[in-house]
Amino acid sequence: MSSAARILGVTAAAALTGGLAACGAPGQSAHPAAVRPPNATAGQVRVQPNVVGWSGMVQRPHVIYVGMGGAPVARQLAWRHWGSPRAWASGKLDIYWPQPGPISGWHPTTFTVTVRLQDIQTHNGQRSYRKMAYIYVNRRGIAKFLQFKFAVQPGGSASSWNPTRPGMA
């Protein structure tokens, strides 16, 4: 008998044994043991790292984009307390400012940032963070807070990160 056939046989036997064990032994109660709620461990909480609505949710992203174009970008994120009511990350924040002159365009200014996620919600059975804040100190030494909420804006059709205080982000 070839090794591939032997492996297939062992795998089939293990599956059959597991299936029979799940059926229970004769004489056992027809009622199942106490049903536990779905495993709601901390690691199952997700967040949207970009602008694609509810699809593409991930755990512990290394980068979070809150929009397109010149929107702030948090990157090189190292997470703490993931899955708890508040998760924290430290990393870098790129804020894009328009640059006038002969070589105009958007160029980032980079700051050290703390990212805070909170307010876990459930959507179609998936737990995810709904509120986010970028906390950083600007060039003048003033602490700044950019706050976002993952929601559908009035008139919109898909959830995305939106500033909670328009004009602040």
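Residues numbered from 1 in each chain as written. Predicted model: local features only at pLDDT ≥ 70, side-chain atom pairs only at ≥ 80, totals over all residues. Heavy atoms only, no water.

Quick notes on the side chain of serine 159
Consideration 1: With respect to the helices and strands, the residue serine 159 is situated in the loop between strand 6 (143-151) and strand 7 (160-163).
Consideration 2: A relative accessible area of 7% means that serine 159 is categorised as buried.
Consideration 3: A distance of 3.1 Å separates the side chain of serine 159 from the side chain of tryptophan 54, its partner in a polar contact.
Consideration 4: Ignoring sequence-local partners within four residues, the contact set of serine 159 consists of Gly53, Trp54, Phe150, Ala151 and Val152. (Helix = DSSP H or I, 4+ residues; strand = E, 2+ residues; numbered from the N terminus. Buried < 20%, exposed > 50% of the residue type's maximum accessible area, 1.4 Å probe, protein only. Polar contact = N/O pair within 3.5 Å; in protein donor to acceptor, adjacent residues only side chain to side chain. Contact = heavy atoms within 4.5 Å.)

Some points on the pairing of strand 5 (residues 126-137)
Working note: regular strand, side chains alternate between the two faces of the sheet.
Consideration 1: Both strand 5 and strand 6 contribute to a ladder of seven bridges, which runs antiparallel. Among the inter-strand pairings, methionine 132 is bridged to a residue of strand 6, identified as phenylalanine 148.
Consideration 2: Between strand 5 and strand 6, which pair antiparallel and follow one another directly, the connecting turn spans five residues, one of which, glycine 141, has a positive phi of 85°. (Pairing = 2+ DSSP bridges.)

Concerning the confidence of the model for the protein
Consideration 1: Residues at a pLDDT of 70 or more form 69% of the protein, whose mean pLDDT is 76.
Consideration 2: Across the protein, the element-wise mean pLDDT spans from 36 in helix 1 (residues 3-23) up to 96 in strand 2 (residues 73-80).
Consideration 3: For residues 1-42, every residue scores under 50 in pLDDT, and the model assigns this stretch six contacts once sequence neighbours within four places are set aside. (pLDDT = per-residue confidence, 0-100.)

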